[in-house]
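Survey of secondary and tertiary structure
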Amino acid sequence: MLQTYDLLYGSQLSQTNLELMSGMKLEQNSSLEFMDKELRNYTLVVAKNLMTVEQNRISKSLPNFFSDIRMLDEDDLKLLHSSNLKNPLFIGMLRSGSKIINYDLCIDGEKALAEHILISSSTGKGKSNLTSCILWSNLDKDYSGIIVLDPHDEYYGRNHLGLKDHPCNKIKNQVIYYSKNPIPGTISLKINLKAVKPSHLNGVISLTDAQHEALIAFHRKYQENWISAILKEEKIEGFHETTLIVIKRKLSNLLDVKFVGDSIICQGIFDITAGETTVNDICKEVEKNKTIIIDTSNISSGMEILVGSLISSEILNKYKRYKTQGLLRDKPVVSIVIEEAPRVLGKEVLEKGQNIFSTIAREGRKFKVGLIGITQLPSLIPRTILANMNTKIILGMEMGVERRAIIESASQDLSDDDKNIASLDKGEAIVTSNFLRFATPIKIPFFEDVIKKELNKKEFNHEMPNSDLKEKVIKQNFIGVNGG
Amino acid sequence: MKFAHMADAHIGSWREPKLKEASLQAFMKAVNICFEENVDFILISGDLFNTSLPVIDQLKEVVKKLKQIKEKNILVYVIPGSHDFSPSGKTMLDVLENAGLLINVVKGKVDEETGKLILNFSINEKTGAKITGMLGKKGMLEKKFYESLNTDNLEQEEGFKIFMFHTSLTELKPKDLAEMDSAPISLLPKGFNYYAGGHVHIIRKEKIEGYGLIVYPGPLFPNNFKEIEELKHGGFYIWDEGKIEYYGIPLYNVVSIIVDCHHKSPQEVRKELLTKMDNLDENNLNKTIITLRLRGVLRDGKITDIALNEIIERLYEKGVYFVMKNTTKLTTKEFEEVKLSLEKSHDTEDALIKEHLSKSNMSEFLVNVIGSNEGNNNCDDDSISEEKFDENEFIKEIMNTLDLEKQEGERIIDFEQRIKENIKKKIDL
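Please read these numbers as outputs of a predicted model, since none were measured by experiment.

**Notes on the overall build of chain A**
Of regular secondary structure, chain A possesses 19 helices and 20 strands. Overall, chain A is about 95 × 75 × 50 Å in size when its C-alpha atoms are taken along their principal axes. Counting over 484 residues, chain A shows a buried share of 49%. For chain A, contacts bridging at least 24 residues in sequence account for 71% of all contacts bridging at least 6. Only carbon and sulfur atoms are counted for the fraction: they give 50% of the accessible area of chain A, which is about 24,500 Å². If the 62 positive side-chain charges of chain A are averaged to one point and the 61 negative ones to another, these points end up 4 Å apart.

**With respect to the pairing of strand β16 (residues 288-298) of chain B**
Consecutive side chains along a regular strand alternate between the two faces of the sheet. All names here are of chain B. Buried residues dominate β16, accounting for 10 of its 11 residues. Traced from strand β15 (residues 253-260) through helix α7 (residues 266-278) to β16, the parallel crossover comes out right-handed. Note that β16 and strand β17 (residues 322-326) share 5 bridges and pair parallel. Paired with Thr291 across the two strands is Met324, which belongs to β17. The sheet contact formed by β16 and strand β18 (residues 330-332) spans 3 bridges and is parallel. If you follow Leu298 over to β18, its bridge partner there is Thr332.

**Points about the domain arrangement of chain A**
All names here are of chain A. Looking at the assigned domains, one finds that chain A contains domain 1 (2-70), domain 2 (93-187 + 281-459) and domain 3 (194-271). If you average the C-alpha positions of domain 1 and of domain 2, the two centres end up 40 Å apart. Of the roughly 760 Å² buried at the junction of domain 1 and domain 2 (both faces included), carbon and sulfur atoms supply 44%. At the boundary of domain 1 and domain 2, one finds 2 salt bridges. The residue Asp6 makes a salt bridge to Lys419 at a minimum N-O spacing of 3.4 Å. On inspection of domain 1 and its partner domain 2, the count reaches 2 residue pairs in polar contact (both at pLDDT 80 or more). Sorting the residues of the side of domain 1 that touches domain 2 by element identifies β1 (2-11) and β4 (57-58) as the ones contributing at least two each. Here the residues of the side of domain 1 that touches domain 2 sort into 4 nonpolar, 2 polar and 3 charged.

**Looking at the sheet that holds strand β7 (residues 117-120) of chain A**
Residue and element names in this part refer to chain A. Across the sheet, which stays open at both edges, the 12 strands sit in the order β6-β5-β20-β19-β18-β7-β17-β16-β8-β15-β9-β10 with mixed pairing between neighbours. The sheet is open, and its two borders are formed by β6 (99-108) and β10 (187-188), each paired with just one other strand. For β7 and strand β18 (residues 391-395), the ladder comprises 4 bridges, and the chain directions are parallel. Among the inter-strand pairings, Ile117 is bridged to a residue of β18, identified as Thr391.

**Section: the domain arrangement of chain B**
All names here are of chain B. Examined at the domain level, chain B breaks down into domain 1 (2-249), domain 2 (252-333) and domain 3 (338-429). Taken together, the contact between domain 1 and domain 2 spans 11 residues of the former and 14 residues of the latter. Carbon and sulfur atoms make up 70% of the surface buried where domain 1 meets domain 2, a total of about 1,100 Å² over both sides. Three residues stand out in domain 1 for area buried against domain 2, namely Lys18, Phe225 and Glu229, and they jointly supply 54% of the buried area on that side. Where domain 1 touches domain 2, the interface holds 1 salt bridge. One salt bridge in this structure joins Glu229 and Arg293, with 2.7 Å as the shortest N-O distance.

**What to know about the pairing of strand β20 (residues 440-443) of chain A**
All names here are of chain A. The sheet contact formed by strand β5 (residues 88-96) and β20 spans 2 bridges and is antiparallel. In the sheet register, Leu94 faces β20, and the bridge partner there is Ile442. Summarising the sheet, strand β19 (residues 428-433) and β20 pair through 4 bridges and their orientation is antiparallel. Bridged to Ala429 within β20 is Ile442. Counted between consecutive antiparallel strands, the loop separating β19 from β20 contains 6 residues.

**A look at the side chain of A:Thr277**
Residue position: A:Thr277 is located in the loop between β14 (270-271) and α10 (278-286). Sequence-distant contacts of A:Thr277, defined by excluding residues within four places in its chain, comprise B:Thr170, B:Lys173, B:Pro174, B:Lys175 and B:Ala178.

**Quick word on the packing of aromatic side chains**
If you walk through the whole model with that rule in mind, you get 20 aromatic pairs over all chains. Ring plane angle 90 degrees and centroid distance 5.6 Å describe the contact between B:Phe41 and B:Tyr77, whose orientation is recorded as edge-to-face. Taken as a pair, B:Phe41 in strand β2 (residues 41-44) and B:Tyr77 in strand β3 (residues 75-78) lie far apart in primary sequence, 36 residues in all. For B:Phe41, a relative accessible area of 0% corresponds to the buried category. These aromatic residues form a ring-pair network of at least three members: B:Phe3, B:Phe41, B:Tyr77, B:Phe160, B:Tyr194 and B:Trp239. Between the NZ or CZ atom of A:Lys48 and the centre of the ring of A:Tyr5, over which it lies, the distance is 6.0 Å.

**A short note on the layout of surface pockets**
Size it by volume and the largest pocket reaches roughly 1,700 Å³. For the largest pocket, the lining is made up of 47 residues, of which A:Met1, A:Leu2, A:Gln3, A:Thr4 and A:Arg70 are closest to its centre. Elements with a contribution of two residues or more to the lining of the largest pocket: β1, β2 (41-49), β3 (51-52), α3 (74-77), β5, α17 (418-422), β19 and β20 of chain A. If you tally residues by element for the lining of the largest pocket, the top one is β1(A), at 6 residues. Tallied by class, residues from the lining of the largest pocket come to 24 nonpolar, 14 polar and 9 charged. Counting contributing residues per domain, the lining of the largest pocket is built from domain 1 (2-70) and domain 2 (93-187 + 281-459) of chain A, each supplying no fewer than three. In this structure, the second largest pocket spans a volume of roughly 1,300 Å³. Lining the second largest pocket are 40 residues, and of these A:Asn173, A:Gly185, B:Lys143, B:Glu147 and B:Leu187 sit closest to its centre. When grouped by side-chain class, the residues that make up the lining of the second largest pocket number 16 nonpolar, 9 polar and 15 charged.

The rules we used
- The residue count restarts for each chain, going from 1 along the sequence in the order it is written.
- As a convention, the first chain written is A and the first ligand written is 1, with the rest following in written order.
- At least 70 in pLDDT is required for a residue's local features to be given in this predicted model, at least 80 for side-chain atom pairs to be given and counted, and no such filter applies to totals for whole chains, interfaces and linings, which use all residues.
- Computation of side-chain values covers all heavy atoms of the structure but excludes hydrogens and water.
- Here a helix means four or more residues in a row that DSSP labels H or I, a strand means two or more in a row labelled E, and each is numbered from the N terminus.
- Residue burial is assigned from relative accessible area. The probe radius is 1.4 Å, only protein chains are included, and a residue is buried under 20% of its type maximum, exposed over 50%, and partly exposed in between.
- Whether two residues touch is decided by their heavy atoms; if any such pair falls within 4.5 Å, the residues are in contact.
- For every accessible area listed, the method is Shrake-Rupley and the probe measures 1.4 Å; residues are considered covered only by the protein chains on display.
- As used throughout, the charge tally considers Lys and Arg to be positive and Asp and Glu to be negative, leaving His and the chain termini uncounted.
- Every charge is mapped onto a representative atom, which is NZ of Lys, CZ of Arg, CG of Asp or CD of Glu.
- Call a crossover right-handed when, viewed with both strands pointing away from you, the route from the first strand across the helix to the second goes clockwise.
- A pair of strands is treated as paired once DSSP finds two or more bridges between them.
- Throughout the structure description, domain borders are defined by an automatic or database domain assignment.
- Buried area counts how much accessible surface, traced with a 1.4 Å probe, disappears from two parts once they are put together, with both parts' losses summed.
- The term salt bridge refers to a pairing of a side-chain nitrogen on Lys or Arg with a carboxyl oxygen on Asp or Glu at a separation within 4 Å.
- Counting of polar contacts relies on pairs of N or O atoms within 3.5 Å, with two restrictions inside protein: one atom must be capable of donating a hydrogen and the other of accepting it, and residues adjacent in sequence are counted only when both atoms are side-chain atoms.
- Residues are sorted three ways: Asp, Glu, Lys and Arg are charged, Ala, Val, Leu, Ile, Met, Phe, Trp, Tyr, Cys and Pro are nonpolar, and all the rest, Gly among them, are polar.
- When the centres of two rings from Phe, Tyr and Trp lie within 6.5 Å, Trp using its six-membered ring, the rings pair. Their planes under 30 degrees apart give stacked, over 60 give edge-to-face, and anything left gives tilted.
- For a Lys NZ or an Arg CZ to count as sitting over a ring, it must be within 6 Å of the ring centre and within 35 degrees of the ring normal.
- Think of a 1 Å grid over just the protein atoms. A cavity is a set of points where a 1.4 Å probe fits yet cannot get out, a pocket is an open set with protein on both sides within 12 Å along at least five of seven lines, and lining residues have an atom within 4 Å of a point.
- Grid points are joined across faces, edges and corners, and a volume is the space filled by probe spheres set on the points.

In structure tokens:
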């Protein structure tokens, strides 16, 4: 199997003669023509060797001269093993050039999610659409749970079609949505201050060594009430007053809380009384293969990362315990979706110290916890982290430096694909993965079309068959409500 | 406007007569406080009774009190809770409502076009307060009601509005009730001035953006060991022109004794308990409930070696009103070390019996237990130790005897008697 990656002009004539004849035709004689033009001029196709079909292995030799060439057909696609996968994760439709082949490309979802996925492209090339499609196709699978930190509130579908409309959600409540401004039936995003530990602040706010030590000292002395103690200016030995004032200000700003009179006023999502079980609830639901969407559109970036950090730490610790207890095998893989991944995985951030996301990137796969990082700027992520992200879905990228960062860390050789990546149209992508035999071109369907197609399926139409039954069901449903 | 908000009286919940009486008294006392405070009306957010059809004795007392309330021109608004709601409609609350003693505010109709539930307001004429609410059902089945609730008419209504609910709210759930089924706050209609909650036995008031004050008053009297230990007593809230105050109902002093038995011998635990007992304040013991919680893994010996019942007996001799014990998290090292990997239940039983027999002396046990059984002892120490019997079989026979099921139509008292007789026959050998 060969893949064409470039087209060139070829000719039996010398370049000088070609230029001379072309110039004469343009300027003097419009009837001028090449002699035996079909034989003398042609298009050269530059192809690379993907695999040897008969032996079903990576190809290490070139086909012979005069070998027959034909287009890929459906039988050949069986080699991709997409349809036989136990835990398929849909990535997109197979693509040949701009032509879409009616074949869903899937990879082993359980492994791919645990070994991290990077989605990378310039603005407007379809990152969100791709993520939506992946999340949608994953909703009815029982091998994984996904946590999405959604800074643009675009996945749930608050005011438009979205994951909430998945038939599985209507039957099994598979999508759990947390928001500062919840819509009926969804959960208000409230997290109790007691859930926060000093380690959760790594990578969230910048702290000097003295400030960091002060936080730890407060935590040691006041345990889960350490933030309240800082806000109330409780005493602690061995720290300069200025340090304590600064950490109070930083925490107050980050958490949107303040101490007035004798009580703590909470204005944001962090609360002194509410939200005691939020983190635990999220972990519990994700273990039931659900998709948790956390709308972070109305909170600061720092707060969003803190929320992600809290949940991710809890999940990783839980899964570590499961491994020790021998229970990990029965647990679904958990994947955490982070937009603008360099905010937590960028070189600059990590130079200041490791955080939970870099820990997951390095060792999460051993505990079935992975990341789906989304970024326009993969070059900001250190190579060590990029190399750990075993599946990369590359959409169109204009900037050379970003393409090179991806190409250099890809699971397959993409050294010839630089131009290809630059010219990918909206929704077109190349997938490189340890779970694919070769870097595969795909086209991602338009998310709204996917939803509409699914909703038109008859099996999910739950309309009542007749009005009598409907009335009966309604009456039975509301026993206990007296007329009045 | 001044109103009281109480919930979860659970009248009739306790088995022990002393505590059963306490939950009734808590309700009586709460109403008396309402009289003293001159409230305009009373809200009861579910589970006034522990069952939909409470026993006559307690019901009689509650009806008397409700009649007193009515005579003082105070209206009582209730919603059925998960305990006193009945899907068949046969609930005492209906009877009390028909007798004009209370008003169930869960009233409305179903819009047959949309299938949506439309709730009506009950208006308190004295104050103009508009009250509505949603019943509570077991297993959070009321969630479907909320999902079908038309909130538009409720939110558009003007005036001072109260929404009564008997549901655990996800965002306000305490950590130790994390496993409890719950519904998000967003299911409640927005814009009410006061959300009178029940069901979760916590004392909490919280202001959530878009909603008014959301309040859980907790139970009127603690409803289980843990609640007695932690809450000590129940209570309720009184709302007075925007100010809200909690009124505790301390019927008894509660002294909670917790002993960490980890790595201790039964004798050491016993000594510790006796020391704590000696340090008890001698005053008001007849008004004191003591909770004893023992937890951890004993270093050696058996739990029975602590002789907890004897200690409890001593406490009663000192005049303590009521003593409760909890040893669910107490175990011994000997039992902890039994590890099995057998699949069939009888194999597991066999192995467990053998494992424990190797660590204890059954003959000694028989001497201690049966030998001390007054008036029913036809064997002495020697006869037991000389007697040769299959200990394994004996234990299995005892287990089988205890495994009998109640026959259809058999009264509980007869069933208990039958079991006792059978056990007696076995142990008499």
